[in-house]
Amino acid sequence: MNDMTQTNLERALKIVGSRPARPDGVDKVTGRALFGADKSLPNMLVGRVLRSPYAHAKIISIDTSKAEELKGVKAIVTSTDFEDFPSEFVPNGEMVVNMKDITRNVMAREKALYVGHTVAAVAATSEDIAEQALALIDVTYEVLPHVLEVEDAEKPGAPLLHDDMITIGIEPAPESASNVAKRVEFGFGDVEKGFSEADLIIEREFTTQQVHQGYIEPHACLASVSEDGQAELWCTTQGPFVVRNFCSKLLGFNAAQIRVTASEIGGGFGGKTVVYLEPLALALSRKSCRPVKMEMNRAEVFTSSGPTSGAKIWVKIGVKNNGQITAGDCVLKYQAGAFQGAPVGPGAMCAFAPYDLKNVRAVGYDIVVNRPKVAAYRAPGGPISEYGVESVIDEIAIKIGMDPIELRLKNAAKEGTIAPYGPKLGPIGMIETLEAAKSHPHYSAPLGPNQARGVASGFWFNIGGETSSSITINEDGTVGLTLGTPDIGGSRASMAMMASEELGVPMELIKPIIGDTNSLGFNFLTGGSRATFSTGTTVVESTREAIEELKKRAALLWEVSLDQVEWFEGHARLISGDEPKTMSLAQIAKQAGKTGGPIMANCSMNVTGAGPSLGTHIVDVAVDEETGQVSIIRYTAIQDAGKAIHPAYVEGQMQGGAVQGIGWALNEEYIYNEKGELENTGFLDYRIPVCSDVPMIDTVIVEVPNPNHPYGVRGVGETPIIPPLAAISNAVSRATNKRFDELPLSPPKVLAKLMHG
């Protein structure tokens, strides 16, 4: 823990830890805030996409001549309008993507690989004309056999999506192509020896289905490329700099040619960290020399943007009769969709990470199938793997007659634990969240008929990354704060609060904005629970640099040396002389022209030291034995936040993650027919939770400070979606005395288990 962090954690805080109104709140509730589809420009064209009707088909030819002749059509693009790439892997949040695959996902090249895959796009003077033009594009396909499930995709003789894909991570390397993109493995010790020492071994297989992030705002963008090649792009995204980089590569621009502005975002949860429409809109605008606006409808969001993986999970855990786990082993097979890049690596990293184990192994397989390419979804990969492990942990507790929280406490990861993926953990809050759960009134509350209680824990490693921010002291004493990470959960407020705390001025004087890609140095995307940690670190550093400059200016005005000036509660204070002197920030700023000019500071750094976040959830369910309906009766989410800068927003993240986990556990799934067509492409059939599905979710914030952040922050947005899957499944299993191993726990599946075992 550095000295400044220690000072911050020990001193009384006035702003950090309070609950002020968010700076963007009024615009949001009045409808003044501009989201992705709200921007318009003069002479704007409408862009629309032609998508493949087949799950797997070779593209023989595309004839756009008839569409080009239609009056009002101003531009048409196909794969020939985009750069082609060899394999080039680049980081994208917690996941890694391949530029070769991105260009083929944005626009199908040799083959269409899923129903909804883009094959062409048009720009026209009206929506009707654009739709007519799509109908006039003649695409000749050679339809190929398709494969939708990982078990089928890895069989010998399965339809191959990519003829050149050789599995990475297997020695010796295979000589022939397959649908298995890679194998990953984490762990240490001797799992076979550990199992030989166990009194009880439980081995289970689990299945999860593909689910979507379910953001309310569809993908949308507006692109304008001028005749001199300069481009402006307005879009709904979690990472404008990432959008700029992807688009510049795909279209042959340099980074300075494209200025990307992130709109307000109507939900992302990881699903808006990649590009879909943005390169198309830029290409159409470049061809037409007019602005082009594009929006997805809801069906396109479901069929053509990235959900997360469905998976097959095998878990084996050995334990002594006293509850000591002797070994943990798992095999994870994740759907990647049409292109490699399932979050199986993070899934394998996190599977056993809540526990201090001596013998552990997690093996993962990234498997392509004829579904849309998966994208990140809140702790990508973690909910799936930890669902399997936490379900087996619960079954062990029942079989050895031990309280499920006591079993977790006996094996809990703590400071000094070696994580299964390698590092020695610093201070973490696993034990604290378990103790908070055990002492919570919820855990000892009575249950009614057909009701039961489930618990589960979850781990996420969190990330840092390249981040920039700047602070400007205005001449009237107000403070401009420019950030590069889009605000997806109240981060503007948290940043302003930290700046306010450092400066010692009211938060109302801090004006935070999200800058475009020309306003700041590079910022990695908002994801991986990095925003408050990484951007907060740069905000604190830039604010402290501004304070040093304010002290210098005060010293000049007082004609004293800098070491005679300190900063205290928004004022420079002279610490020498007979009479105390102070000068407010506003007074210093007003005279900035006399002391050197405008006062501002920047901080750009690759922020490291993100502290892992752990949580434990408690859920009560009621099961209707006649219908199989599962109802959530009570829910409590407990999580280590390190330090809650704005507790209300931390609670909101915990509650939001829990609700999404409830949907994943009970209702949500992609349903495909035998043709590879998605059948539930709207919210009527793809059922996310609504208010009547969930109770008020209680929250408990645990604070075990992360020593690598000035205020002890550890990200909180990922972890709360991890425990619900297993916690709910465990509760339903206890309520019915039948062990469930497949999600979602929809009424037909629960009823079938009740009737047939």
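Further up the page is the structure itself.
Bear in mind the structure is a predicted one, so any value in this text is a computation, not a measurement.

Engineer: What's the story with the overall build of the protein chain in this structure? I'm lost.
Structural biologist: Assigned secondary structure in the protein chain consists of 21 helices and 28 strands. For the protein chain, whose C-alpha radius of gyration is 27 Å, the value lies close to the compact-globule estimate of 27 Å for 757 residues. C-alpha extents for the protein chain along the principal axes are approximately 90 × 75 × 50 Å. Here the protein chain holds 757 residues, and the buried ones make up 61% of them. For the protein chain, the accessible surface area stands at approximately 28000 Å², while carbon and sulfur atoms represent 50% of it. Taking the 68 positively charged and 91 negatively charged side chains of the protein chain as two groups, their mean positions are separated by 1 Å.

Engineer: Please clarify how the side chain of Asn730 should be interpreted in this entry.
Structural biologist: As for its placement among the helices and strands, Asn730 is situated in helix 20 (residues 723-736). Assessed through its relative accessible area of 0%, Asn730 is described here as buried. Engagement of the side chain of Asn730 in a polar contact is seen with the backbone oxygen of Glu390, the distance being 3.5 Å.

Engineer: What is the right way to look at the packing of aromatic side chains in this model?
Structural biologist: Each pair of aromatic rings is reported with the distance of its centres and the angle of its planes. Following the criterion strictly, the structure yields 12 aromatic pairs and no others. Arranged with centres 4.3 Å apart and planes meeting at 25°, the rings of Trp460 and Phe461 form a pair that is stacked. Here Trp460 and Phe461 have matching classes, each one buried. Both rings, one in Tyr670 and one in Tyr672, keep their centres 6.2 Å apart while their planes meet at 55°; by these two values the pair is tilted. Here Tyr670 matches Tyr672 in class, with each residue buried.

Engineer: How should I be thinking about unusual backbone geometry in this particular structure?
Structural biologist: Only a minority of non-glycine residues have a phi that is not negative, and only a minority of peptide bonds are not trans. Cis peptide bonds are those with omega within 30 degrees of zero, and the linkage from Glu171 to Pro172 qualifies with -5°. When you line up the elements, Pro172 lands in the loop between helix 6 (150-153) and strand 9 (180-188). With phi around 30°, Arg378 is a residue other than glycine that occupies positive phi space. Arg378 sits in the buried class, given a relative accessible area of 7%.

Engineer: What should I look at first to understand the nonpolar core in this one?
Structural biologist: What tends to happen in soluble globular proteins is that the nonpolar side chains get buried as a cluster. If you look at the biggest cluster of nonpolar residues, it comprises 161 residues, and the most contacted ones within it are Leu233, Leu280, Leu282, Met294, Ile317 and Ile728. Beyond its immediate stretch of four places on either side in the chain, Ile728 contacts Val619, Ile632, Ile662, Ala665, Leu666 and Leu745. Among the nonpolar cores identified, the runner-up in size contains 42 residues, and Ile473, Leu585, Ile599 and Val607 belong to it.

Engineer: Is there a simple way to explain the pattern of salt bridges in this structure?
Structural biologist: Pairing of side chains with opposite charge becomes possible as their charged atoms draw close. If you walk through the whole model with that rule in mind, you get 48 salt bridges. Across the pair Lys312 and Glu151 runs a salt bridge whose closest N-O atoms are separated by 3.5 Å. Placement of Lys312 in strand 15 (residues 311-319) and of Glu151 in helix 6 is noted, with a sequence separation of 161 residues between them. Across the salt bridge formed by Asp620 and Arg453, the nearest N and O atoms sit 2.7 Å from each other. Here the residue Asp620 occupies a position in strand 26 (residues 613-623), and Arg453 occupies one in strand 18 (residues 451-460), the gap between them amounting to 167 residues. On the basis of relative accessibility, which here comes to 4%, the residue Asp620 falls in the buried class. Using a relative accessible area of 13% as the deciding quantity, one classes Arg453 as buried.

Basis of the calculations
- Residues numbered from 1 in each chain as written.
- Predicted model: local features only at pLDDT ≥ 70, side-chain atom pairs only at ≥ 80, totals over all residues.
- Heavy atoms only, no water.
- Helix = DSSP H or I, 4+ residues; strand = E, 2+ residues; numbered from the N terminus.
- Rg over C-alpha atoms; globule rule 2.2 N^0.38 Å.
- Buried < 20%, exposed > 50% of the residue type's maximum accessible area, 1.4 Å probe, protein only.
- Areas by Shrake-Rupley, 256 points an atom, 1.4 Å probe, with all protein chains shown as cover.
- Lys, Arg positive; Asp, Glu negative; His and termini not counted.
- Charge placed at Lys NZ, Arg CZ, Asp CG, Glu CD.
- Polar contact = N/O pair within 3.5 Å; in protein donor to acceptor, adjacent residues only side chain to side chain.
- Phe/Tyr/Trp six-rings, centres within 6.5 Å; stacked < 30°, edge-to-face > 60°.
- Core = buried A, V, L, I, M, F, W, Y, C linked by side-chain atoms within 4.5 Å.
- Contact = heavy atoms within 4.5 Å.
- Salt bridge = Lys/Arg side-chain N within 4 Å of Asp/Glu carboxyl O.

Scope: geometric values only; no functional claims are made or implied.
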